[in-house]
Amino acid sequence: MFGINQIEETSSDISINWGENLSEEYKSKKPYEIGDRYSYFYKKDVALYEVFEGSTIKVRPYLKADINLIAEFLLNFPMALCLSQRNKIVLHASSVNINNTAVLFSGPSHSGKSTLAIAFSKSIATLLSEDISVLSFDENNQLILQPSQPYIKLSKEAATWAGLDFNGGLSFKNRERRGFQIKEFSEQIGLAKFCFFLNSSQNRLIIEHLSSREAIQNIYKYSYLSNTKKDNTKVLGLLKSLKFFSLGIPKNFGLLEQSCEDIVNFIKLENNKFKG
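Predicted model only: the values in this text are computed from it and were never measured.

The rules behind the values
Residues numbered from 1 in each chain as written. Predicted model: local features only at pLDDT ≥ 70, side-chain atom pairs only at ≥ 80, totals over all residues. Heavy atoms only, no water. Helix = DSSP H or I, 4+ residues; strand = E, 2+ residues; numbered from the N terminus. Rg over C-alpha atoms; globule rule 2.2 N^0.38 Å. Buried < 20%, exposed > 50% of the residue type's maximum accessible area, 1.4 Å probe, protein only. Areas by Shrake-Rupley, 256 points an atom, 1.4 Å probe, with all protein chains shown as cover. Lys, Arg positive; Asp, Glu negative; His and termini not counted. Charge placed at Lys NZ, Arg CZ, Asp CG, Glu CD. Pairing = 2+ DSSP bridges. Contact = heavy atoms within 4.5 Å. Polar contact = N/O pair within 3.5 Å; in protein donor to acceptor, adjacent residues only side chain to side chain.

Draft legend 1. Focus on the overall build of the protein. Each helix and strand in the protein was counted, giving 7 helices and 16 strands. The C-alpha atoms of the protein give 19 Å as radius of gyration, which agrees with the globular expectation for 276 residues (19 Å, within 12%). Each principal axis of the C-alpha atoms in the protein carries an extent, and together these give about 55 × 45 × 40 Å. Taking all 276 residues of the protein together, the buried fraction comes to 50%. When the accessible surface of the protein is totalled, it reaches about 14800 Å², and 47% of it is carbon and sulfur. For the protein, the distance from the average position of its 33 positive side-chain charges to the average position of its 29 negative side-chain charges is 5 Å.

Draft legend 2. Expanded view of the pairing of strand S3 (residues 38-43). Examined bridge by bridge, strand S2 (residues 32-33) and S3 share 2 bridges and lie antiparallel to one another. Bridging from a neighbouring strand, Glu-33 pairs with Tyr-40 of S3. Between S2 and S3, which pair antiparallel in sequence order, lie 4 residues. Bridge analysis of S3 against strand S4 (residues 47-52) gives 6 bridges, and the strand direction is antiparallel.

Draft legend 3. Quick look at helix H1 (residues 67-74). Among all positions of H1, only Leu-69, Ile-70, Glu-72, Phe-73 and Leu-74 are buried. Where the residues of H1 are buried, they touch strand S1 (15-18), S3, S4, strand S5 (56-61), helix H2 (77-85) and strand S12 (151-154). At the N-terminal end of H1, a side-chain oxygen is found 2.9 Å from the backbone nitrogen of Asn-68, two or three residues along, and the residue is Asp-66.

Here you go:
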């Protein structure tokens, strides 16, 4: 399920515990809270996920919640909070491998991150991660992106365009999107160089450079970082390692493949500038 293979290993470095069921009357004041030692994520009608010191996730589901939906949410926001507590940099982004370079597409839910990722993976690139992207600095202080599970969630329109059988996807109660395991998936750690923050565009592709201030605002908006000294240092590291852009994608599937080709050409030009 979710592109994750079952293994015989019995030991683990993250413990997932099943807590008491939430009452139907339970409501959280905030959808989430991010902290170095304690964080939580609350999804209405699904579960409360509490994260402790990067090693334990406690799941408290609603009694009637869909078990598959509980599992899917577990692999996203709560796992991101856990990895953030482990000093990783976690962005709300999908990412692809283009010519051995990790390229991130970040933005709010339903902004087109997954659609763009599947479009790239059709021919130009391979999928690295969907929805959650985990970054860290290696021993050479290079920013690397860790690939996730080969799984992606798509709307019926996006799945049909990508040639996937929507009815064969993993379905969830009260959700329009379905999950698909992806065959063309990169398991190699990617060197991260580019991050595009998505916004809507009516009829053409628009790419604009972001200032450092604009990049910082977007990083905090679409990341699992808190305003602490440690996380502020992470943001400064991102500014030194990534090039940030605003990306407007036309809401037209007929223009999607050409948009991907134009983005690749743009990245090539930026790389040449950097080399020069």
